[in-house]
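An overview of the molecular structure
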Amino acid sequence: MTLNQSDKIQDITSGGFDSEVTAARKNFGKLMTGLVVACVGIAILPLGSILFMLLKNGLSRLFLNFPSVFTELPPPPLVEGGGFSNAIMGTIITCTIGALLSVPFGVLTAIYTVEFGRGNKLSQFVRFCTNVLSGVPSIIAGLFAYGIVVLTMGNFSAIAGGVALSVLMMPIIIRTAEEGLKSIPSEVRQGLVGIGATNFQGVTSVILPATLPFIATGVTLALARAAGETAPLLFTALFSQFQARSLSEPIATLSVLIYNFAIAPYANQNSLAWAAALIIVVLIMFVSILARTLTARKIY
Amino acid sequence: MTSQTIAKSETLIESSQKFNPVRLVDQIFYWLTVATALGVGFILLWIAWSLLSIAFPAIVKFNIGFLFSTSWNPVNDAFGALPQIAGTIISAIIALLFAVPLGVGVAVFLSENFLPTKVQTPLGLLVELLAAVPSVVYGMWGIFVFVPFILPFLQGIHRVFGWIPLFSTPPSTRQMFTTAMVLAIMILPTIIAISRDSLLSVAPELRQGAYGLGATRWETLTRVLVPSALSGIIGSVMLALGRALGETMAAAMLIGNANRINISLFAPASTISAMIANQFGEASGLQKSALFYQALILMVMTLIVNMLAEVIVNRFQQVE
């Protein structure tokens, strides 16, 4: 009996079926695995190099007479030392203006598309427009802000920079807010109707607070994008060697400082550009990780 | 009994028709959200309109011939966009040629269990974070690290293959080819992240079925998993193409801004966005209009690419 069984097993594994993995099939697998590992190797080289050079060049400049980078103004050509305190402030100011314009607008839009008009023509149109808007090249957002703010106000300003950034932040905020609103189960809405709440009461007192982690995620992601954007600020916020005194003046930002100082032929300015780049990248990575932990805290 | 209920409902209707601040606030709130929803579309039109209105003098003067003219002469007011359009498309295509095979390969690697999950998840996270590194940082890395590193290799290629027109000029420090490679590195995280997502979202039953039929891991990948994730992968490529077309900073810093079309990839060239970034500061009058005209062309190009991407991704979602 046992002998018979082992015979049968042998039959199945060796003869009858042609199910063996032939050498050619094995080699195909090995070849492809090799190719893919090579892809990973080639991809890691430049991406790793960027991170390494950022740390190497950025850290060495940051810790060269330490707090000066954060407290001093950008140096003129051929002058040693200096920092970019005004650019840090400028980045914070332009990003804040961008957020103030885009967050209320984006959240209200998401409330319409999910709460009031889910699936109707207008919300489909909004979805389409959001997708198109997120694909608009950033330099075009800059030209738009130039056209509507700089030309009407007559000069380059922090406000114009904020308007340009808000165009780029809007789609991110709309999408994450929509995601958050959709994550709320319909029982909550039925409950709200059941206790006689109006839409406004329901949205502001129950639904929005529950969506807050998602909105916070959207805002942080949008800020992370805005902080690194250079092209939209080139002809809107421009640049300034000094501390900003008002919102209607040209203002320095970290990203434009990186651009100006990276293409300048002066070693000190170049090294400052590396330090600024390191700060921006660390900031963006910190904010992106923060955004992830925020979404992890779901209420429903 | 019945009369009582009727009376009650009448009061209910009456109360609903009375002035009620709570209901008024509700109505205002509703129409506010409608207004912002319409506003998103309005912003899009406003962007197009503001570009169009400033570009208008150039559109009237040069008409469609702008697309095919290579001149850029502020003194004689003669402007064209052909070198920039060509540079934009060529740099994006070369970038895709490098980035797509690499990106899909890495995505396959990261979606399979070649590595333990403890290593894989942080790697995936790292890729997504790299997608958020600003393009100006990529541009700076290109200037100080990548170009000095790659130039000797390109000189070697020029010496050996100089008879091929594509490599016919001695590699300059600011040129098309290195720009395209930096663009490729820049769009790589986008392709990896989205392709990996779509590979991971393929129904596990398909993989199980393929294994059950006796397929090896790579037969499953090449004949089942990659084909079923294909529209997601193509979508990621289209999004990356959109990003490469519209990319400003890396191109402005690396491409050399030469207003001519050169068959050699090692020669300086120009793209639309690099042209705008470089010339806008000093431009005035018709030159500014011409730059806005170029921006309009860029917007139409990216619009077409992004819409195609959306159509492809939507089809992908319907299959699921």
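If you're wondering where the values come from, they're calculated on a predicted model, not measured in any experiment.

Residues and elements named next belong to chain A. A grouping of Leu-55, Leu-59, Phe-63, Phe-66 and Phe-70 is seen on the molecular surface, where their side chains present a nonpolar patch of about 480 Å² in accessible area. Position of Phe-63 among the secondary structure elements: in the loop between helix 2 (23–62) and helix 3 (68–71). The class for Phe-63 is exposed, based on a relative accessible area of 54%.

Residue and element names in this part refer to chain B. According to the domain assignment, chain B consists of domain 1 (2–63) and domain 2 (64–319). Using C-alpha coordinates to define each centre, domain 1 is positioned 40 Å away from domain 2. Every contact between the two is made by 12 residues of domain 1 and, on the other side, 14 residues of domain 2. On the domain 1 side of the interface with domain 2, the three residues burying the most area are Leu-51, Phe-62 and Asn-63, jointly 46% of the side's total. Our enumeration of links across domain 1 and domain 2 arrives at zero salt bridges. The interface formed by domain 1 and domain 2 includes eight residue pairs in polar contact (both at pLDDT 80 or more). By residue class, the composition of the side of domain 1 that touches domain 2 is 10 nonpolar, one polar and one charged.

Opposite the 74 residues of chain A that make contact, chain B presents 73 residues. Surface buried jointly by chain A and chain B totals about 6600 Å² across both partners, of which 84% is contributed by carbon and sulfur atoms. Counting across the chain A and chain B interface gives one salt bridge. Arg25(A) is paired through a salt bridge with Glu219(B); the nearest N and O atoms lie 2.6 Å apart. Viewed at the interface, chain B and chain A are joined by 10 residue pairs in polar contact (both at pLDDT 80 or more). At 18 residues, helix 2 of chain A tops the list of elements feeding residues into the side of chain A that touches chain B. Class assignment for the residues of the side of chain A that touches chain B results in 56 nonpolar, 16 polar and two charged.

All chains considered together, the criterion is met by seven salt bridges over all chains. With a closest N to O distance of 2.8 Å, Glu115(A) and Arg189(A) form a salt bridge. With Glu115(A) in helix 4 (residues 85–116) and Arg189(A) in helix 8 (residues 186–194), this pair connects stretches of sequence that are 74 residues apart. Classification of Arg189(A) as buried rests on a relative accessible area of 18%. Where Glu249(A) meets Arg245(A), a salt bridge forms, and the shortest distance between an N and an O atom there is 3.8 Å. A residue is classified by how much of its surface remains accessible, and Glu249(A), at 25% relative accessible area, is partly exposed. Under the relative-accessibility criterion, Arg245(A) is labelled exposed at 72%. One network of salt bridges, with partners in common, ties together Glu112(B), Arg207(B) and Arg217(B).

A separate point is the layout of surface pockets. Roughly 450 Å³ of volume is contained in the second largest pocket. Along the wall of the second largest pocket there are 17 residues; nearest its centre are Ile42(A), Leu45(A), Pro46(A), Phe146(B) and Ile185(B). Among the elements that take part in the lining of the second largest pocket, helix 2 of chain A stands out by supplying five residues, more than any other. Its residues assigned to classes, the lining of the second largest pocket shows 16 nonpolar, one polar and no charged.

What follows is about the environment of Ile172(A). Along the chain, Ile172(A) falls in helix 7 (residues 158–182). With residues near it in sequence (within four places) discarded, Ile172(A) still touches Gly218(A), Leu221(A), Ala222(A) and Arg225(A).

The subject of this paragraph is helix 8 of chain A. Residues and elements named next belong to chain A. When helix 8 is considered as a whole, its buried residues turn out to be Val-188, Arg-189 and Leu-192. Looking straight down helix 8, one finds its buried side chains confined to an arc of 100 degrees; they lie on one side. Turned more than 90 degrees away from the buried face of helix 8, the exposed residues are Glu-187, Gln-190, Val-193 and Gly-194. Taken together, the buried residues of helix 8 touch helix 4, helix 7 and helix 9 (199–228). After helix 8 finishes, the residue Gly-196 shows a positive phi value of roughly 80 degrees.

Okay, the nonpolar core next. Among the nonpolar cores identified, the biggest contains 195 residues, and Phe84(A), Leu133(A), Ile140(A), Phe66(B), Tyr138(B) and Ile276(B) are the most heavily contacted of them. Residue contributions to this core peak at 14 residues, all from helix 6 (residues 176–200) of chain B. Counting contributing residues per domain, this core is built from domain 1 (2–63) and domain 2 (64–319) of chain B, each supplying no fewer than three. For Tyr138(B), the residues in contact, after removing those within four places along its chain, are Leu47(A), Ile50(A), Leu130(B), Val133(B), Val182(B), Ile185(B), Met186(B) and Pro189(B).

The next subject is unusual backbone geometry. Residue and element names in this part refer to chain B. Its identity is not glycine, yet Asp-77 carries a phi of approximately 55 degrees, on the positive side. Along the chain, Asp-77 turns up in the loop between strand 1 (72–73) and strand 2 (78–79). On the accessibility criterion, Asp-77 (29% relative accessible area) is partly exposed. We note that Asn-257 has phi near 50 degrees; this positive angle belongs to a residue other than glycine. If you trace the backbone, Asn-257 turns up in the loop between helix 10 (249–254) and helix 11 (272–279).

A few words now on the side chain of Ser195(B). Residue and element names in this part refer to chain B. Examined against the element boundaries, Ser-195 turns out to sit in helix 6. With relative accessibility at 0%, the residue Ser-195 sits in the buried group. For Ser-195, the residues in contact, after removing those within four places along its chain, are Ala-107, Ile-233 and Ser-236.

Criteria and thresholds
- Residues numbered from 1 in each chain as written.
- Chains lettered and ligands numbered in written order.
- Predicted model: local features only at pLDDT ≥ 70, side-chain atom pairs only at ≥ 80, totals over all residues.
- Heavy atoms only, no water.
- Patch = residues over 30% accessible without salt bridge, like charges linked within 9 Å, V, L, I, M, F, W, Y side chains within 5 Å.
- Areas by Shrake-Rupley, 256 points an atom, 1.4 Å probe, with all protein chains shown as cover.
- Salt bridge = Lys/Arg side-chain N within 4 Å of Asp/Glu carboxyl O.
- Helix = DSSP H or I, 4+ residues; strand = E, 2+ residues; numbered from the N terminus.
- Buried < 20%, exposed > 50% of the residue type's maximum accessible area, 1.4 Å probe, protein only.
- Domains from an automatic or database assignment.
- Contact = heavy atoms within 4.5 Å.
- Buried area = accessible area lost by both parts, 1.4 Å probe.
- Polar contact = N/O pair within 3.5 Å; in protein donor to acceptor, adjacent residues only side chain to side chain.
- Nonpolar A, V, L, I, M, F, W, Y, C, P; charged D, E, K, R; others polar.
- 1 Å grid on protein atoms, 1.4 Å probe; cavity = no way out; pocket = protein on both sides within 12 Å on 5 of 7 lines; lining within 4 Å.
- Points joined across faces, edges and corners; volume = space filled by probe spheres on them.
- Arc of directions from axis to C-beta.
- Core = buried A, V, L, I, M, F, W, Y, C linked by side-chain atoms within 4.5 Å.

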